Amino acid sequence: MIKISVLFLLLLSAAVGRAAGVSLRVNLSDGRAETYSLDEHPRISFDETNMLVGSDKLSTSYSRDEVRSFDFVSISTSVADIVPGEETVYSFSGGVFTCEGKAITVYSAAGAAVAAGEGCVSLESLGRGLYIIVVNNKSIKYIKR
């Protein structure tokens, strides 16, 4: 059954991966969401207790109990998507960045997506450093000390 699931995901990722700005999102039970650009060709595999996500640049392991779900999301940062006069209302409280109804992506200073979510993203697990939060085609600098 696992082999069929992995094969299905690989076929689906190949089909979806042709669209620009599409990423694999892993939703974790603690509320975090991590994304992997399909441009990096992430590979998903499973062993007895873990879900493994790997590519030429990275390798991450999640306990199966830790993974709530995973899906494919479109992340667009194109200037053509900006709607003039559209106001973005957001808040930051208790280590959680919130912007209701909007896709949120957090990038490291090196440009790698380190967290993503819909409506809210927890920033508590991030290490010290500079991050860029992209929401509704706006960029917000965030420094964690």
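Residues numbered from 1 in each chain as written. Predicted model: local features only at pLDDT ≥ 70, side-chain atom pairs only at ≥ 80, totals over all residues. Heavy atoms only, no water.

Asker: Pulling in residues and values, what's your account of the overall build of the protein?
Answerer: Tallying secondary structure elements over the protein gives 1 helix and 11 strands in all. Secondary structure of the protein in N-to-C order comes out as α-β-β-β-β-β-β-β-β-β-β-β. For the protein, buried positions account for 35% of its 145 residues. A fraction of 46% describes how many contacts in the protein between residues 6 or more apart in sequence connect residues 24 or more apart. Accessible surface for the protein amounts to roughly 8,900 Å². Of this, 55% is attributable to carbon and sulfur atoms. (Helix = DSSP H or I, 4+ residues; strand = E, 2+ residues; numbered from the N terminus. Buried < 20%, exposed > 50% of the residue type's maximum accessible area, 1.4 Å probe, protein only. Contact = heavy atoms within 4.5 Å. Areas by Shrake-Rupley, 256 points an atom, 1.4 Å probe, with all protein chains shown as cover.)

Asker: Break down the pattern of salt bridges for me, with residues and values.
Answerer: Tallied over the full model, the rule gives 3 salt bridges. Between D30 and R32 there is a salt bridge; the shortest N-O distance is 2.9 Å. For E66, the salt bridge identified is with R32, shortest N-O distance 3.4 Å. Taken together, the positions of E66 in the loop between strand 5 (59–63) and strand 6 (67–74) and R32 in the loop between strand 1 (22–28) and strand 2 (33–37) put the pair 34 residues apart, joining distant regions of the chain. (Salt bridge = Lys/Arg side-chain N within 4 Å of Asp/Glu carboxyl O.)

Asker: Kindly report on the pairing of strand 10 (residues 129–135), identifying the contributing residues and their values.
Answerer: By the bridge criterion, 5 bridges tie strand 8 (residues 96–108) to strand 10 in an arrangement that is antiparallel. Bridge assignment links Y107 to a residue of strand 10, and that residue is I132. Where strand 10 and strand 11 (residues 138–144) come together, 7 bridges link them in antiparallel fashion. From the neighbouring strand, V135 faces strand 11, where its bridge partner is K138. Hairpin connection between strand 10 and strand 11: a loop of 2 residues separates the two successive antiparallel strands, and N136 in this loop has a positive phi of roughly 50°. (Pairing = 2+ DSSP bridges.)

Asker: Summarise the packing of aromatic side chains; cite the residues concerned and give the values.
Answerer: How two aromatic rings sit relative to each other is given by the distance of their centres and the angle of their planes. Enumeration according to the criterion identifies 3 aromatic pairs in this entry. On the basis of an interplanar angle of 50° and a centroid distance of 5.4 Å, the ring pair of F92 and Y142 is categorised as tilted. In this pair, F92 is assigned in strand 7 (residues 91–93) and Y142 in strand 11, connecting sequence segments 50 residues apart. A relative accessible area of 43% means that F92 is categorised as partly exposed. A network of ring pairs unites the aromatic residues F92, Y131 and Y142 as a single cluster. (Phe/Tyr/Trp six-rings, centres within 6.5 Å; stacked < 30°, edge-to-face > 60°.)

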